[in-house]
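Residues per chain, in single letters:
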Amino acid sequence: MDAANRTTVTEFIILGLTDNVTLCAIFYVIFLGVYVVTIVGNISIIILIRSSPQLHTPMYLFLSHLAFVDIGYSTSVTPIMLMSFLKERTAIPIAGCIVQLASDVAFGTTECFLLATMAYDRYVAICSPLLYSTQMSPVVCFLLLGASYLGGCMNASSFTGCLMNLSFCGPNKINHFFCDLFPLLKLSCGHVYIAEISPAISSASVLISTLFTIIVSYSYILHSILKMRSTEGRKKAFSTCTSHLTAVALFYGTVSFVYVMPKSSYSADQVKVASVIYTVVVPMLNPLIYSLRNKEVKEAMRKLGIQTLQSSRCRKCGVALLQSLLERIYIDSHLLLLNSKSAKEMTKIEDIWESKIVPIWMKELY
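Along every chain, residues carry numbers that run from 1 in the direction the sequence is written. Since the coordinates come from a predicted model, pLDDT governs what is reported: local features require at least 70, and pairs of side-chain atoms require 80 or more to be given and counted, while whole-chain, interface and lining totals use all residues. Excluding hydrogens and water, the side-chain values take into account all heavy atoms of the structure.

Honestly, the sheet that holds strand β3 (residues 173-174) in this entry has me stumped. Any pointers?
Strand pairs in the sheet, formed through backbone hydrogen bonds, run parallel or antiparallel to each other. Two strands make a pair as long as DSSP finds a minimum of two bridges between them. Secondary structure elements are defined from DSSP: runs of H or I of at least 4 residues count as helices, runs of E of at least 2 residues count as strands, and each element is numbered from the N terminus. The strand order across the open sheet built from three strands is β2-β1-β3, with neighbouring strands paired in mixed fashion. Of all the strands in the sheet, just β2 (90-93) and β3 have a single pairing partner and so form its edges. Across four bridges, strand β1 (residues 11-14) lies against β2 in antiparallel orientation. Pairing of Phe 12 across the sheet is with Ile 92, part of β2.

This is the structure we're talking about:
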């Protein structure tokens, strides 16, 4: 294309999942429900872990951060996708596209590191239980969390740096439901070789290193479980790992399909479906997986429910007791005044009662 005919692109058009009006209406309802369940489910996990002392362990500390990352991951993609279902033309400025890509990659990469960290935590707990408190001390846990978030930010900077060095001067329609790097590279009018290589190396190193950590950790875990003589011990060890393995399989399976397999082996629609799974569906499923398949989480939910119910009942009992006590004091004071005080003193006592005692009573009651 000649330089004279080039037009600088200032915004991109998100084509979305489909242009069928009926499907857009159906998808809007479905994915809005998925997004609400994602936010409510992950916030509930965070609140449950924070308010349950029995869940104040490294494993659930990492799980609470995974829930936070899932909220950010889904929020970086789903609102734009929902808008594309409602609007015939969904436009996003280049700056907005860069921000969305950065947040998507940052949260996605952090999730990879957190899943690897959780696998290492299970390895230490099962293979070296006597050293667990030392090897997974609070300092070590916070270092692992910090490294996870730092790795996410570094990988995101690799993607955004390459995107900011590209020039866009031709078509501006992204055949996707969010600003992903590879659809954007197809729209660039400059040399994209370096822009393809740098993020590919960065992403591959993240996927390979984290997946290698998970595989090695679970190899040792499996070896330790098979050496256990107690059937009950084996079941307990397996139960603590199945939830995490399910989450790993769902996330890494779809991410590998999009970023690792050769691009010629699948269509753009297949990429969209796989992207929906790891950016929208998996963040919704994680709290369900970790709550429905985890006895400790279910027990903590049961105890928290009982405590909430008991505190509500105790408050009602306390208010009723306070009400009856104040009524008794009021009656006794009137009887005493009738027997020994003048009408002027009685009026004074009543004024004090109505201006000071009754407001306190009503505040406690309501």
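Explain the side chain of His 244 to me, please; I cannot follow it from the model alone.
Mapped onto the elements of the fold, His 244 is located in helix α9 (residues 231-259). Two N or O atoms count as a polar contact when they lie within 3.5 Å, although within protein this holds only if one can serve as hydrogen donor and the other as acceptor, and sequence-adjacent residues are included solely when both atoms are side-chain atoms. Reaching out from His 244, the side chain makes a polar contact with the backbone oxygen of Leu 115 at a distance of 2.8 Å.

Honestly, a nonpolar patch on the surface in this entry has me stumped. Any pointers?
Like-charged residues are merged into a patch within 9 Å and nonpolar side chains (Val, Leu, Ile, Met, Phe, Trp, Tyr) within 5 Å, provided each residue has over 30% relative accessible area and no salt bridge. Note on areas: Shrake-Rupley, 1.4 Å probe, and residue coverage restricted to the protein chains presented here. Here, a salt bridge means any Lys or Arg side-chain nitrogen found within 4 Å of an Asp or Glu carboxyl oxygen. A cluster of nonpolar side chains, Tyr 193, Ile 194, Ile 197 and Ile 201, forms an exposed patch at the surface whose accessible area comes to about 460 Å². Note on placement: Ile 201 falls in helix α8 (residues 193-227).

What is the right way to read the packing of helix α4 (residues 94-127) against helix α6 (residues 138-164) from this model?
Each packed pair of helices is defined by two parameters, the angle between the axes and the distance between the axes. To obtain each axis, a line is fitted to C-alpha atoms, and for helices this fit is confined to the stretch in contact; angles are then taken between N-to-C directions over 0 to 180 degrees. In contact at an axis separation of 7 Å, α4 and α6 are set at 150° when each is read in the N-to-C sense. Comparing the axis directions of α4 and α6 gives the class roughly antiparallel. α6 is crossed by α4, and the crossing has right-handed handedness. Facing α4, whose interface residues are Ile 98, Leu 101, Ala 102, Val 105, Ala 106, Thr 109, Thr 110, Phe 113, Leu 114, Thr 117 and Tyr 120, α6 presents Leu 144, Leu 145, Ser 148, Tyr 149, Gly 151, Gly 152, Asn 155, Ala 156, Phe 159, Thr 160, Leu 163 and Met 164. Relative orientations are named as follows: roughly parallel for angles under 35 degrees, roughly antiparallel for angles over 145 degrees, roughly perpendicular for angles from 65 to 115 degrees, and oblique for any other angle. Throughout, a crossing is termed right-handed when the near helix is turned clockwise from the far one, and left-handed when it is turned anticlockwise from it by less than a right angle. The contact criterion used is simple: two residues touch if any of their non-hydrogen atoms lie within 4.5 Å.

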